[in-house]
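Letter by letter, the chains look like this.
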Amino acid sequence: MTENKTVLAWLDEMTKMCQPDSVVWIDGSEQQLEALREEAVASGEMIKLNQEKLPGCYYHRTAENDVARVEDRTFICTPTEIEAGPINNWMEPKEMYAKLTALYTGAMKGRTMYVIPYSMGPVGSPFSKIGIELTDSIYVVLNMAIMTRIGKSVIDQLGDSGEFVKCLHAKKDVNPDERYIVHFPQDSTIWSINSAYGGNVLLGKKCFALRIASYLGKHEGWMAEHMLILGIENPQGEVKYICAAFPSACGKTNLAMLIPPQYLKDKGYKVWTVGDDIAWLKIGPDGRLYAVNPEAGFFGVAPGTSEKTNFNALESTKKNTIFTNVAINNEDMTVWWEGLDKNPPADATEWTGKKVNGAEYTAAGNKLAHPNSRFTAPAINCPCISKEFENPQGVPVEAIVFGGRRAKTAPLVYQARDWQHGVFVGATMASETTAAAAGAVGVVRRDPMAMKPFVGYNMADYFGHWLDMGKKLGDKAPKIFHVNWFRQDEEGNFMWPGFGDNMRVLLWILDRCAGKADAVESPIGYLPAENAIDTTDLDIDANVLKELLSVDKSIWLEDVADQKKYFAQFGDRLPKEIADELNKLETNLNK
Ligand code: TSX
Ligand code: MN
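Owing to the predicted nature of the structure, the values given are computational and were not obtained by experimental measurement. (Residues numbered from 1 in each chain as written. Chains lettered and ligands numbered in written order. Predicted model: local features only at pLDDT ≥ 70, side-chain atom pairs only at ≥ 80, totals over all residues. Heavy atoms only, no water.)

S.K.: Describe the sheet that holds strand S3 (residues 58-60), listing the residues and the values that go with them.
M.R.: Ordered by their spatial adjacency, 5 strands build an open sheet running S2-S3-S18-S23-S17, and the pairing between neighbours is mixed. Among the strands making up the open sheet, the edge pair consists of strand S2 (47-48) and strand S17 (297-301). With 3 bridges joining them, S3 and strand S18 (residues 322-324) adopt parallel strand pairing. Among the inter-strand pairings, His60 is bridged to a residue of S18, identified as Thr324. (Pairing = 2+ DSSP bridges. Helix = DSSP H or I, 4+ residues; strand = E, 2+ residues; numbered from the N terminus.)

Below, the structure written as structure tokens:
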């Protein structure tokens, strides 16, 4: 398929190490993919679902010990430990290569190695980067075919260039004790072994588009961020774009595909999805910041996705989708998960493969679908996919929104005073744990820019890169905001209706960017002025709204103490600007 010497030499080296029985190039043709689906069904790796109700849809079940990303086994192997920083696991590259070479040697004996050329971003876009993933899993090939642009057009685009990310994945025996997800940023290399779960093996996603790309972005003057991208069209037909970063369990995919409240729909407002997880951001020819979604699909959490919470995501999964670790309804070979509806199938196969009565099984407190079960759906299936989804130049970004799940601390929305303050707001992002995560509920987890597990170098230098980008953007920089959909009252009830009504907050944000909405200064930044957020047709008490927009100084001072502790781990590598902003916040709160 190619005469590219760098590609062929690397492929030769990897083949000699892994010793597959055969090597198959993925050309991206429907014919080849269909043959692979049939092969996976014949071997039991995938199950064909009801082709009338769910055309082109398949089911896959992972090993029970292989259901999520493994942060404690994820490494950034830079030449020195300080380059990887205090947040990442690190090992000296030579030592790691030797350790992994032992594991990979002969790992593909008796198996086929697939060679997947793929592009992150539209093929040929100035934003886009190419990767080649070698894998012995058909499931990986078929997921990559949904999540990225693959095949011949990509290898043609690469030509004889050596500029591609070398990705190696071997399923081996899925042994969790020998599972490694390893990045060598200086070599543009990713090695993954002993897993077959999404985030660990679809190497274009978190490994490349965030960890390796963040490293490349730092050196090339752009940014790889864990952000959704959405467009809001006003009644005049103008579309403005927002990027937003949230920690897990905040409903990022739901926000990316938001449906406006009826009265705004009636006025002519629309929401368009450009991306639900990752944004690559670059300064355009006009000096503004532009965003591209490097992915081609959604790898979304299934539980909680319903017609009510995310109609557009659910629609996206109705054809050509791969479901992983959800439950099967054996009556008609469709899928089910917690939160889809209130009717668990009577004749069900739960996610580990046991046949159960779904009603009885769930009534006894068991889950039919794994909480981290997923759908892999093509973005083009999404009813609200943006016309700009494939735009090679990206979309101009008006606002950057950070968020978190905070019961008491953060108000519904506030605006940073300037870019530097905004970077501090992102750096101090935090979320309180829910029952969905392991461990205690309500514990504050700091997750700067929602990038804690995804920065491919020292987090302190990453803050520095954000500050540098602001200097380059100057007065053309997007405005920065923070939102919290999860404020609770004394009884623990959510005070804000959330979901589609979040549009009201997004419109205040866009109005602020246009210099149209009123705000008041507070110790933490600008808050919406009274009546600045449109509550038309919303049954919300004026006092509740006031409470949602209030700042409790003593609670914030507790958070400041936690922020100080968190930043201490970066030592004197922490940019002075961040320390200055922390001091400013503390001073403001003590006034
Ligand atoms: O996704 C959510 N969003 C963003 C939507 C665009 N969720 C689900 C979070 C789990 C992933 C939310 N949950 C949101 C939200 O804005 N808000 C809440 C909290 C909440 C839950 C239920 C109600 C109100 C708020 N009300 C009723 O159930 C009637
Ligand atoms: Mn994500």
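Here the narrative resumes.
S.K.: If you had to explain empty space enclosed by the protein to someone new, which residues and values would you point to?
M.R.: One pass over the structure, following the stated rule, counts 3 cavities of 30 Å³ or more. Space inside the largest cavity adds up to approximately 130 Å³. Secondary structure elements with two or more residues in the lining of the largest cavity: helix H13 (419-427) and helix H17 (553-568). Its residues assigned to classes, the lining of the largest cavity shows 9 nonpolar, 5 polar and 3 charged. (1 Å grid on protein atoms, 1.4 Å probe; cavity = no way out; pocket = protein on both sides within 12 Å on 5 of 7 lines; lining within 4 Å. Points joined across faces, edges and corners; volume = space filled by probe spheres on them. Nonpolar A, V, L, I, M, F, W, Y, C, P; charged D, E, K, R; others polar.)

S.K.: Quick rundown of the site of ligand 1? Include the residues and the values.
M.R.: Every one of the 13 residues lining ligand 1 counts as a neighbour, but Gly251, Asn254, Gly498, Phe499 and Asn502 are closest to it. In the environment of ligand 1, an oxygen atom lies 3.0 Å from a nitrogen or oxygen atom belonging to the backbone of Phe499. Here an oxygen atom of ligand 1 sits 2.9 Å away from a polar atom, N or O, in the side chain of Asn502. Split into classes, the residues belonging to the shell around ligand 1 amount to 8 nonpolar, 4 polar and 1 charged. (Near = heavy atom within 4 Å. Polar contact = N/O pair within 3.5 Å; in protein donor to acceptor, adjacent residues only side chain to side chain.)

S.K.: Could you give an account of the layout of surface pockets, naming the residues involved and the relevant values?
M.R.: Estimates place the volume of the second largest pocket at around 520 Å³. Lining the second largest pocket are 25 residues, and of these Leu33, Arg37, Ala145, Ile146 and Pro378 lie nearest its centre. Going through the elements one at a time, helix H2 (30-43), helix H5 (138-147) and strand S7 (149-150) are the ones with two or more residues in the lining of the second largest pocket. Among the elements that make up the lining of the second largest pocket, the one with the highest residue count is H2 (4 residues). Taken together, the residues of the lining of the second largest pocket break down into 12 nonpolar, 7 polar and 6 charged. When residues of the lining of the second largest pocket are assigned to domains, at least three fall in each of domain 1 (5-43 + 70-220) and domain 3 (298-381). (Domains from an automatic or database assignment.)

S.K.: So what's going on with the packing of aromatic side chains? Residues and values would help.
M.R.: To describe a pair of aromatic rings, one takes the distance between the centres and the angle between the planes. Applying the stated rule across the entire model yields 24 aromatic pairs. Ring geometry for Phe208 and Trp280: centres 6.0 Å apart, planes at 45°, overall tilted. You can see Phe208 sitting in helix H8 (residues 204-220) and its partner Trp280 sitting in strand S15 (residues 279-283), a full 72 residues away along the chain. With a relative accessible area of 0%, Phe208 lands in the buried category. Note on Trp280: relative accessible area 0%, which makes it buried. Between the aromatic rings of Phe463 and Phe570, the centroid separation amounts to 5.8 Å while the plane-to-plane angle is 80°, which identifies the pairing as edge-to-face. (Phe/Tyr/Trp six-rings, centres within 6.5 Å; stacked < 30°, edge-to-face > 60°. Buried < 20%, exposed > 50% of the residue type's maximum accessible area, 1.4 Å probe, protein only.)

S.K.: Run through the nonpolar core, naming residues and quoting values.
M.R.: Trp280, Phe402, Phe463, Trp466 and Phe567 are the most contacted members of the largest nonpolar core, which totals 96 residues. If you count residues domain by domain, this core takes at least three from each of domain 1 (5-43 + 70-220) and domain 2 (225-294 + 387-590). Leave out the neighbours within four places in its chain, and Phe402 touches Met227, Ala245, Gly422, Val425, Gly426, Met429, Met449, Trp466, Ile480, Phe481, His482 and Val483. Leu258, Leu507, Cys513 and Leu538 belong to the second-largest nonpolar core, a separate cluster that totals 61 residues. (Core = buried A, V, L, I, M, F, W, Y, C linked by side-chain atoms within 4.5 Å. Contact = heavy atoms within 4.5 Å.)

S.K.: Which residues make up the environment of Asn50, and what values do they have?
M.R.: Secondary-structure assignment places Asn50 in the loop between S2 and S3. Within the structure, the side chain of Asn50 is placed 2.9 Å from the backbone oxygen of Asp332, a separation counted as a polar contact.

S.K.: Quick rundown of the domain arrangement of the protein? Include the residues and the values.
M.R.: Each domain of the protein was delimited in the assignment, giving domain 1 (5-43 + 70-220), domain 2 (225-294 + 387-590) and domain 3 (298-381). Distance between the C-alpha centres of domain 2 and domain 3: 30 Å. Approximately 760 Å² of surface area, both sides summed, lies buried where domain 2 meets domain 3, with 66% of it carried by carbon and sulfur atoms. The interface formed by domain 2 and domain 3 contains 3 residue pairs in polar contact (both at pLDDT 80 or more). Per-class residue counts for the side of domain 2 that touches domain 3 are 4 nonpolar, 3 polar and 1 charged. (Buried area = accessible area lost by both parts, 1.4 Å probe.)

S.K.: Could you give me a rundown of H2, with the residues and numbers involved?
M.R.: Along its 14 residues, H2 runs 20 Å from first to last C-alpha, staying within 8% of the 20 Å computed at 1.5 Å per residue. If you check which residues of H2 are buried, you get Gln32, Leu33, Leu36, Arg37 and Ala40. For H2, the buried positions fall inside an angular range of 140° around the axis, keeping them on one side. For H2, the exposed residues set more than 90 degrees away from the buried face come down to Gln31, Glu38 and Ala42. Where H2 is buried, its residues meet strand S1 (22-25), S3, strand S5 (112-120), H5 and S7. Positive phi appears at Gly44, one or two residues downstream of H2, with a value of about 90°. (Expected span 1.5 Å × (residues − 1). Arc of directions from axis to C-beta.)

S.K.: Hey, could you go over H5 for me, with residue numbers and the actual values?
M.R.: Burial within H5 is extensive, with 9 of its 10 residues counted as buried. The complete set of buried residues in H5 reads Ile138, Tyr139, Val140, Val141, Leu142, Asn143, Met144, Ile146 and Met147. The N-cap residue of H5 is Ser137: its side-chain oxygen and the backbone nitrogen of Tyr139 are 3.2 Å apart.

S.K.: Tell me about the pairing of S15, residues and numbers included.
M.R.: In the sheet, strand S11 (residues 223-225) pairs with S15 via 3 bridges, with the strands oriented antiparallel. Pairing of Ala224 across the sheet is with Trp280, part of S15. Pairing of S15 with strand S16 (residues 289-292) involves 4 bridges; the strand directions are antiparallel. Note that in S16 the partner of Trp280 across the bridge is Val292.

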